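So you can see what is in the structure, the chains are spelled out below.
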Amino acid sequence: MRSESLLEYLLVNYRWMFVVFFLLPCTVLGKIWSVFEKSLWSRHTGLEHEKNLSRIQRQIRHRNEQAPDQVMCTARPSWRSMTIADMAYKKYMYNIDVHLDGIVSINAKTQTVRVEPGITMGRLIPILIESGWTVPVALDMEDLTIGGLVMGIGLESSSHKFGLFHETCTRYELITANGDLIICSKSVNADIFESIPYSYGTLGFLTAVDIQIIPAKKYVKLKYRPIRTLEKMESRLIVETSDLEHNDFVELLIYNKEEGVLMTGKMTDGNKDIKYVNRIGRFYKPWFFKHVESFLLTWKIGEEYIPLKDYYFRHNKSLFWEIQDIIPFGNHPVFRYLLGWLMPAKVALLKLTQTDTIKQLYAKHHFIDDFILPISSLKKSVQQFHTILNIYPIWVCPTILRPGKGLMHSPATVNNMYIDIGLYGEPKVSKYNPTILRDLEIFVLKLKGFKMMYAGTYLNIDEFKTMFDHRLYDRIRQNLRCKSNFPEVYDKVNRKARI
Ligand SMILES: Cc1cc2nc3c(=O)[nH]c(=O)nc-3n(C[C@H](O)[C@H](O)[C@H](O)COP(=O)(O)OP(=O)(O)OC[C@H]3O[C@@H](n4cnc5c(N)ncnc54)[C@H](O)[C@@H]3O)c2cc1C
Ligand SMILES: NC(=O)C1=CN([C@@H]2O[C@H](COP(=O)(O)OP(=O)(O)OC[C@H]3O[C@@H](n4cnc5c(N)ncnc54)[C@H](OP(=O)(O)O)[C@@H]3O)[C@@H](O)[C@H]2O)C=CC1
Ligand SMILES: CC(C)=CCC[C@@H](C)[C@H]1CC[C@@]2(C)C3=C(CC[C@]12C)[C@@]1(C)CC[C@H](O)C(C)(C)[C@@H]1CC3
């Protein structure tokens, strides 16, 4: 066996060895380095932000002179992104380095934080919590960036109250195709403001985002309620999502076609009577989805206090449930106590080191996608996903969709409650074929639903335009002269652009 293929063989068949003994230590070293690097060089000032802006403008003007026919995208490499496939388009588009990742300012008066788009949730949230603040929609994976969440979309268990991540943003700074800096908000350049979310970087480069902040409390008081039958899950979810007074967070995990656990939470400072705080973020604690599953075994309603930051990043350690395919024994107490402190594995490193064989195995035998559907179609959709995929657990996260003019909004003239249904894992049906995804997308389209684009799409351009409202987007593209400067969203998210 040639050494190359031996290495490939080892990387595929003994991936966990490579991950545990090489990748996890590298992740820890990376974390130490980033703490060191930030404290040395990243004392961010407004002045530094200005310098960064002129650096980007210079690159764009250079491209406008040298390669005006080549459309632009960011130079953020594919392996850094929180998407599964490679962004093939990065190879043939003109790459502009927009890597800015500082906090420009926190303004307690206006209750906003101004950040650069490259900052990750993992860096922003702890800094805000230390200052007594948090964001209304805090995403549960540390490596997601603010820019990616605005240009893609983001949702969390507080979205039933606050909507999608970008709905908590109040102002964007955008550098357009000719290098101009545009500020937009609900009152200034309102149409541009509304067309930016979900545009996947096809209107310009984002350089700063203002996000609302709210006072942080110490804990989330979380209630776990096991439920039998999809019908009851659907009706209970409808009740809990409308109770905004008691529920700051709502999330449902479905473990098989009959049983699930509904979680409802309230941010609180607690009181002196708190006897037990479950610090689920500690390295030796079980994976969160396993902990939740334990309520199915006892079939009792449970309630516990969880520190706010631990709650936010509850699915990070186990990458939802994806890590169990990579380190199958990762939740075993021996592993957790001995090596759990090395977790979570850095997604960027996992991506960087996956071999072609792993990629192909993944493409053929694995399914990762999220669909956003009206809440009243929970039962119907889960039954359909069960027949076609049979993947569990299923992540269900309610989100409010508001009427609007951007690419994705409620089809009605009033707010509508939707649910994100996340399916991540190996389909257990006998004849799984990845092209089934297209049928699922059509199923979602018929229900007036949407899909999250981080996993790409098999829809054709007409179907895509039926799912996402392009009217305002097309007009803004024309006004900002994007045509020969940026690709269309579809050119970035169709399956050929992502391999
Ligand atoms: C489809 C597939 C996807 C993989 N994806 C990744 C990955 O994303 N990252 C990574 O680090 N390693 C991945 N691996 C590698 C996998 O984790 C290693 O092959 C692991 O060491 C296999 O352990 P095993 O010898 O116990 O199982 P095996 O006996 O090699 O596997 C038995 C069968 O289980 C199925 N299977 C195993 N792992 C997976 C999986 N992750 N998804 C779907 N089916 C699977 C396959 O059908 C395989 O034939 C993947 C492997 C497969 C087959
Ligand atoms: N809970 C959730 O809601 C989750 C959401 N996700 C998805 O992950 C993605 C975010 O991942 P992340 O790794 O942060 O981002 P990515 O690097 O994947 O970027 C996503 C898109 O945003 C564009 N973009 C990012 N920054 C800028 C910028 N400064 N200016 C212009 N365009 C920009 C990128 O453009 P380009 O193509 O030019 O690089 C790309 O098209 C989103 O698509 C989100 O939907 C994933 C997991 C969980
Ligand atoms: C809307 C929501 C909550 C989406 C959650 C999506 C997560 C489950 C996704 C985001 C990034 C993601 C696609 C990823 C992977 C699993 C599923 C993840 C974690 C993994 C780790 C699976 C193994 C792969 O070999 C590889 C390392 C490339 C990817 C990396 C990205």
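These figures come from a predicted structure and were not determined experimentally.

Cut-offs applied
- Just so you know, the residues in each chain are numbered from 1, in the order the chain's sequence is written.
- Chains and ligands are labelled by the order in which they are written, letters from A for the one and numbers from 1 for the other.
- Totals for whole chains, interfaces and linings use every residue, but because this is a predicted model, local features are given only for residues with pLDDT of at least 70 and side-chain atom pairs only at 80 or more, for both listing and counting.
- Hydrogens and waters are ignored; side-chain quantities use all the structure's heavy atoms.
- Any residue with a non-hydrogen atom lying within 4 Å of a molecule or strand is treated as near it.
- By the criterion applied in these results, polar contacts are pairs of N or O atoms within 3.5 Å in which, for protein atoms, one can donate a hydrogen and the other can accept it, and in which residues neighboring in sequence qualify only through two side-chain atoms.
- All accessibility values rest on the Shrake-Rupley procedure with a 1.4 Å probe; residue burial counts only the protein chains present in the view.
- The numbering of helices and of strands both runs from the N terminus, where a helix is a DSSP run of H or I of at least 4 residues and a strand a run of E of at least 2.
- For this classification, the nonpolar set comprises Ala, Val, Leu, Ile, Met, Phe, Trp, Tyr, Cys and Pro, the charged set comprises Asp, Glu, Lys and Arg, and every other residue, Gly included, is treated as polar.
- By convention, a stacked pair of Phe, Tyr or Trp rings (six-membered ring in the case of Trp) has centres within 6.5 Å and planes under 30 degrees apart, an edge-to-face pair has planes over 60 apart, and any other such pair is tilted.
- Only protein chains enter the area calculation, which uses a 1.4 Å probe; residues under 20% of their type maximum are buried, those over 50% are exposed, and those in between are partly exposed.

Let's talk about the site of ligand 1
Here comes step 1: The full set of residues close to ligand 1 is Val-12, Asn-13, Arg-15, Asp-325, Ile-326, Ile-358, Leu-361, Tyr-362, His-365, His-366 and Glu-426.
Here comes step 2: Contact distances for ligand 1 include 2.8 Å between an oxygen atom and a backbone N or O atom of Asp-325.
Here comes step 3: A distance of 3.2 Å separates a nitrogen atom of ligand 1 from a polar atom in the side chain of His-366.
Here comes step 4: Protein chains shield 63% of the accessible area of ligand 1, which is 790 Å² for the free molecule.
Here comes step 5: Taken together, the elements giving at least two residues each to the shell around ligand 1 come down to α1 (3–13), α11 (323–326) and α14 (356–365).
Here comes step 6: Top element by residues in the shell around ligand 1 is α14. It accounts for 4 residues.
Here comes step 7: Within the shell around ligand 1, the residues separate by chemical class into 5 nonpolar, 3 polar and 3 charged.

Structural notes on the packing of aromatic side chains
Here comes step 1: The tally for this structure, following the rule as stated, stands at 24 aromatic pairs.
Here comes step 2: Their ring planes at 10 degrees and their centres at 4.1 Å tell us that Tyr-224 and Phe-295 sit as a pair that is stacked. Of the two residues, Tyr-224 is situated in strand β10 (residues 219–228) and Phe-295 in helix α9 (residues 288–298); the sequence distance between them amounts to 71 residues. Neither Tyr-224 nor Phe-295 differs from the other in exposure class; each is buried.

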